[in-house]
Every structure is written in C-alpha cells, then in structure tokens.
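Report on the structure
Each chain, written out:
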Amino acid sequence: MASASTSKYNSHSLENESIKRTSRDGVNRDLTEAVPRLPGETLITDKEVIYICPFNGPIKGRVYITNYRLYLRSLETDSAVILDVPLGVISRIEKMGGATSRGENSYGLDITCKDMRNLRFALKQEGHSRRDMFEILTRYLVPSTAAAPLPLFAFLNEEKFNVDGWTVYNPVEEYRRQGLPNHHWRITFINKCYELCDTYPALLVVPYRATDDDLRRVATFRSRNRIPVLSWIHPENKTVIVRCSQPLVGMGGKRNKDDEKYLDVIRETNKQISKLTIYDARPSVNAVANKATGGGYESDDAYHNAELFFLDIHNIHVMRESLKKVKDIVYPNVEESHWLSSLESTHWLEHIKLVLTGAIQVADKVSSGKSSVLVHCSDGWDRTAQLTSLAMLMLDSFYRSIEGFEILVQKEWISFGHKFASRIGHGDKNHTDADRSPIFLQFIDCVWQMSKQFPTAFEFNEQFLIIILDHLYSCRFGTFLFNCESARERQKVTERTVSLWSLINSNKEKFKNPFYTKEINRILYPVASMRHLELWVNYYIRWNPRIKQQQPNPVEQRYMELLALRDEYIKRLEELQLANSAKLSDPPTSPSSPSQMMPHMQTHF
C-alpha cells in the first residue's frame, strides 16, 4: 500500500531489484531478500507484530528495522500490505497500553509520521516485547541521543549515481545566466567566511555603488544581519527582486541613515523608476507587534522613496496548526459528509491563496517595469523564500525546467538559509518544537497548483514534486539537512553525502511532463481564487486505498505509450534505411532490382 515512492525510481541501488522480488512471492524468505536495502543500509532487528491497518483491520506481519527505514511485510497470504517508512519520516513514537491492558491488540506502539499518516503496531504483552523495538526506533530516529552518537543515514548512504547532483547549482553561473554582474550590480565575497551573516550564502549580489563597509553598517540594522541582496533581475527592463529581513526599528522608532540610503541606491540601479516597492509578507498587526521585540517595518517618514504593502500571510505557527487540521480530515478517514466545510475550516487553501496572491503581486510589479521590489517577512527565511521563488517561477521559464527548478530550490531556499533542520526536525525528538512548520511543503503545493493551471508550462510532473517532499523528510540525501550554508560547509555535506538531484537527474524520464512545451518569454499568472484552488489529493490522501488515485493520469499514460510507439517506429525506420543503404553499396545485379528503385522512395516521418 505505502511502499516508498523512492523505491521505484532508483535504478542505481539494490532497492529496485529487491522490491520486485518481494512483491512477487510469498512471505517466507531469508532476511537478505525480505527487505530492500540501499548501499550502506544495515538490518538492526526484526519482530513479528500485528499492524493495525486503519483501512483493512489487524494484519499479522513482520517488521524489519534498518538504520534507514521501518519495513513491514504481511505474513497473511491474502494480504499484500507492505509498509516502507524511512525513519526520518517518523515524528513521534508513543507506547500504547500497559502490561495490564485488556482487550485485543491494546498493547504496542503508536507512530506519528510527518507525511500525513500514522502507524499502529500491537505486540505481545509478555516480556516487555515492545521495549527493544521502541528503544531501537528512538535511537535511530534521534541518533544524537544514542550513548555513542550515530550519524543521520545520509552520512552512511553509499549509493552511486552517474550524475553528481551537487554540481547542479553554481551561484556564479546562475547570476551570469541572469546577466550579472553589470554596471549597476556586483558580486561580493564579503560573506565568504560567513562573518557578515552566518545564515546567508558566501556569495551575494549587491548594488555596484554600495561598498563593503556600507553593507556592514546596513547589517547592524537588519534582523540576523540579513541585508537586502538581489535574487533576480528582469532581462529587459532591469527591475529586480531583492530579499532581506525586517529592519530593527523597535518601539522607539529607530532609524538608520545607512539602511535608508542603501534602499535608495537599490532604487537608483534603474533610472526609470521613482519608487521602490516593499512587500512585507506579514499581516500589518504582526509587523507592528514585532516592534516590541526590536523588529518592525519601513515607515513612510524614514523611507521617502519607497512604498510599503503588507501581504497578510500568517506566521509559521498558524501554518503548522492549519496542516494538523488537514491531517485530521484526511487520515485515516476522509470526512465525506461535510467535506467542503471541513476543508474550509482548516484554512489551508486560504493560506495557499495568500502566498500565491503575494507572489503574483511581486511578479506583476517587476514585469511591468514600474518598480523594483524588496521582499521580507520577519527573518527573511520563510515567507520571503516562498514569495521570491514563486515570483521567479512565474517570471522566468528557466526555473520551470527540471534542472532550473532544482537551481531555484538550491538558491532561494537552501543557500539563503531556510531553516530546514528546525522546520522539519531532522533527528530531533522534540516533536512539539515551536519551530516546526510546513513552509516548504506549502511552497511545493503552490507549485502544484500552478502546474494544474498551466499543464504545458512545466518540464516536471507531479511525481517530481512528491519525491522532493518525500526526501525532505527521509534523511537519505544531504540536500535538505541543516539550517544554512555555513552549517553544511562545517559538516562537509557535499563531500560526505549524496544529493537528491543525483537520483532525479540520473533518471529524468521518470519525472518529465509529456505535455511540456518550452516557451522562453511566457509569464505565468495563476488564478489565486478559492474557486480555482484544490486540495492536492495525490499527496495529502495518497495513503488511503479507498480514494481513487488519479495517477497515472490516463491521458498522460496514453500519450507516453504513443511516444514510445513513435520511438519504436523511428528506430525501425532507421534500421530499414541502414539495411537499404547497405544494399545500395553492393554492385547492382540487374537494372530492375528493387535496390535500384529505392532511392526514388522517401519516407517522411
């Protein structure tokens, strides 16, 4: 039912072959064949359990726990249930019942996952049979708490791919693709050792007229020293998208002449515009409240040549609670009787709408050429990343290709310090941590909404987005580990782990949208109306076998079949042409031979 999606795609590991074997045969196999294993993955223990399946009732099975996954195989001949859950996906493990608990299957473990599902296993009460399973899962789920600290699996993964995903993003090459540096913008290495801002990348693009000393002074007035830096420049009108964090105004309404001058310098990089547009992602009431903790926003009296707009996107805590409500109505059972009102009560699509609406405003302002745009929220690593990356996706068709999207994620999210470790909780036992929040999931959901409205605009398909989300949690790859670039440098992530892009780019055909039509200058403006947004069923409700899966899409499947048929015919045609040319090179045996007549025939395909 829920075998991990990654299993199907990795032709370079042992996983693919193993899964094919397990899905074909019975239950009594030796351990090496019973559980799929990646290079570097080792079996820790196995135990007979009762899986309390929310859809089919109790199922007798055997659980195998490795240093990467929890894998369940049914021991019942009439059930094909297989669970394949990377340990990184597990959010919480709780003991269910006690030694004196009465009732069938009342003693065992409850497991809460980060990918919209829960698992429940019943075990025998004799001899504290669940203790070792609980302790092993906890040790490998939170490896830093083990007596001898264990590394996350990404550091043990020995998979080899024919493509190195770490080479996908080179900041100098990406800025050069945008036409930078130029007469108005320069590349600076002031943050090479992460001394200016420890959560920013080493390489930054800033106004040519701003000196490094100017940047240091501006940094003192921006939260976490996250100064305004360029994300994207319009190839024709030269307006820009700039990102940063909130100014440190505080209750006293502090001002900083260097910061005010710096924003004016950004505005003056394009002589055609009179105002700089500032989009503050927060609701205005939150921005005002942030003054109490030393933050704030750019006031009209201090920033004369700027216009400020609030986008009313709520904070990480609101988003976390909203997703919890979504899970409540989709797992294990879909709330059928009051579905629309239940979905509305989660406010999830409302939040998606606000994020998309904000990104549309950013994209529209830049494409019009009327103003450059500065985007920030509080610290500039959550809502800011959502807005800049979505606006860039709307404006620049390059980011709609597979590698372009990977570069967008590497640049705007990973290198600019979205706190993946804190927001996802990799290897962290504190499942109630207030820092947890589905900000990146929300971004991917917005991308999916766009792909539904523009089905030919994206080179990648839905499965591409799902595999990114699956490995956001899995800890199989180093791509989403740690909070910022400086932490990844310290841990030598690019040297010691494999990139998710290695897996995807070594088998791109699996993730390609067959309807993709490359259009260079097309700007996408999705309709951010509640009437046009929908819940992403193939992600949020994919574990429920009773919900008819919309995949594979029958039209897409038929299209792929026709493409394969076309390729087969072309190959056959080439073979015939080769055979024909070989005959032509032979001396003619008679003037009326077929080989002499062939040059007069041309086949157009």
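Everything discussed here concerns the structure shown above.
Everything numeric in this text was worked out from a predicted model, so none of it was measured. (Residues numbered from 1 in each chain as written. Predicted model: local features only at pLDDT ≥ 70, side-chain atom pairs only at ≥ 80, totals over all residues. Heavy atoms only, no water.)

Notes on the pattern of salt bridges
Throughout the structure, instances matching the rule amount to 39 salt bridges. Here Lys60 ties to Glu48 by a salt bridge, and the two come within 3.5 Å at their closest N and O atoms. In this pair, Lys60 is assigned in strand β2 (residues 57-66) and Glu48 in strand β1 (residues 43-53), connecting sequence segments 12 residues apart. A residue is classified by how much of its surface remains accessible, and Lys60, at 38% relative accessible area, is partly exposed. (Salt bridge = Lys/Arg side-chain N within 4 Å of Asp/Glu carboxyl O. Helix = DSSP H or I, 4+ residues; strand = E, 2+ residues; numbered from the N terminus. Buried < 20%, exposed > 50% of the residue type's maximum accessible area, 1.4 Å probe, protein only.)

Focus on the environment of Glu534
By secondary structure assignment, the location of Glu534 is in the loop between α19 (500-505) and α20 (537-540). Relative accessible area serves as the criterion here: at 36%, Glu534 is assigned to the partly exposed category. When the C-alpha atoms of Glu534 and Ile352 are compared, they prove to be 9.8 Å apart, with 182 residues separating the residues in sequence. Apart from the residues within four sequence positions on either side, Glu534 is in contact with Leu349, Trp448, Gln449 and Lys452. (Contact = heavy atoms within 4.5 Å.)

Some words on the environment of Lys429
Note on placement: Lys429 falls in the loop between α14 (420-425) and α15 (439-453). Accessibility expressed as a relative area gives 60% for Lys429, which makes it exposed.

Some words on the sheet that holds strand β14 (residues 372-376)
Pairing between the strands of a sheet comes from backbone hydrogen bonds, and it takes one of two forms, parallel or antiparallel. Read from one edge of the open sheet, five strands run β10-β11-β14-β12-β13, paired in mixed fashion. Taken across any chain shown, the strands that pair with only one partner, and hence form the sheet edges, are β10 (229-233) and β13 (306-310). Averaged over neighbouring strand pairs, the angle between their axes works out to 25 degrees when direction is ignored. Bridge count between β10 and strand β11 (residues 240-243): four bridges; the pairing is antiparallel. Bridge pairing in β11 places Ile233 opposite Val240. Strands in contact with helix α7 (residues 257-268) are β11, β12 (276-280) and β14; relative to β12, the strand with the most contacts, it is inclined by about 120 degrees. (Pairing = 2+ DSSP bridges. Axes fitted to C-alpha atoms, helices over the stretch in contact; angles between N-to-C directions.)

Some remarks on the sheet that holds strand β4 (residues 82-86)
If you trace the seven strands from one edge of the open sheet to the other, you get β4-β3-β2-β1-β7-β6-β5, paired in antiparallel fashion. Of all strands in the sheet, those with a lone pairing partner are β4 and β5 (90-96), marking the two edges. On average, each strand axis in the sheet is inclined to that of its neighbour by 30 degrees, with strand direction left out of account. Summarising the sheet, β1 and strand β7 (residues 118-122) pair through two bridges and their orientation is antiparallel. Bridging from a neighbouring strand, Tyr51 pairs with Phe121 of β7.

What is shown is where atoms sit, not what they do.
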